[in-house]
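Here is what each chain is made of, one letter per residue.
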Amino acid sequence: MIEVFKTNVHGEVQSRMLISKLLEQFPASKINFDLEDCDKVLRIEGRYLCAKRIIELLKLNGHYCEVLT
């Protein structure tokens, strides 16, 4: 399963911190940000993903996040 999100994450430090937090919730997933993209894309590949939980985790950490369609 792959989920792709539009975010407002800009910095490398922010992205690494968020990846760490996401891996706590979704271990063994492949997670990365494309900060060069205008949508600051978050891509998560894993077996059991929940878009709602991913969005909430980013919001709780002060970031905008929505499913990219």
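Residues numbered from 1 in each chain as written. Predicted model: local features only at pLDDT ≥ 70, side-chain atom pairs only at ≥ 80, totals over all residues. Heavy atoms only, no water.

**Concerning the pairing of strand 1 (residues 2-7)**
For step 1, the next point in the chain: Every second residue of strand 1 is oriented toward a common face, the buried set being Glu3, Phe5 and Thr7 and the non-buried set Ile2, Val4 and Lys6.
For step 2, the next point in the chain: Across 3 bridges, the pairing between strand 1 and strand 4 (residues 65-67) is antiparallel. For lysine 6, the partnering residue across the bridge sits in strand 4 and is glutamate 66. (Buried < 20%, exposed > 50% of the residue type's maximum accessible area, 1.4 Å probe, protein only. Helix = DSSP H or I, 4+ residues; strand = E, 2+ residues; numbered from the N terminus. Pairing = 2+ DSSP bridges.)

**Things to note about the nonpolar core**
For step 1, the next point in the chain: In terms of nonpolar packing, the biggest core is built from 18 residues, with Phe5, Leu22, Phe33, Leu42, Ile44, Ile54 and Leu58 touching the most fellow members.
For step 2, the next point in the chain: Only helix 1 (12-25), strand 2 (30-34), strand 3 (41-45) and helix 2 (51-60) provide two or more residues apiece to this core.
For step 3, the next point in the chain: It is helix 2 that contributes the most residues to this core, 5 residues altogether.
For step 4, the next point in the chain: When neighbours within four sequence positions are excluded, isoleucine 44 is seen to be in contact with Met1, Ile2, Glu3, Phe5, Leu22, Ser29, Lys30, Ile31, Leu49 and Ile54. (Core = buried A, V, L, I, M, F, W, Y, C linked by side-chain atoms within 4.5 Å. Contact = heavy atoms within 4.5 Å.)

**Notes on the pattern of salt bridges**
For step 1, the next point in the chain: Summed over all chains, the structure comprises 2 salt bridges.
For step 2, the next point in the chain: Between lysine 6 and aspartate 39 there is a salt bridge, with its nearest N and O atoms 3.8 Å apart. Placement of the pair is lysine 6 in strand 1 and aspartate 39 in the loop between strand 2 and strand 3, with a sequence separation of 33 residues. (Salt bridge = Lys/Arg side-chain N within 4 Å of Asp/Glu carboxyl O.)

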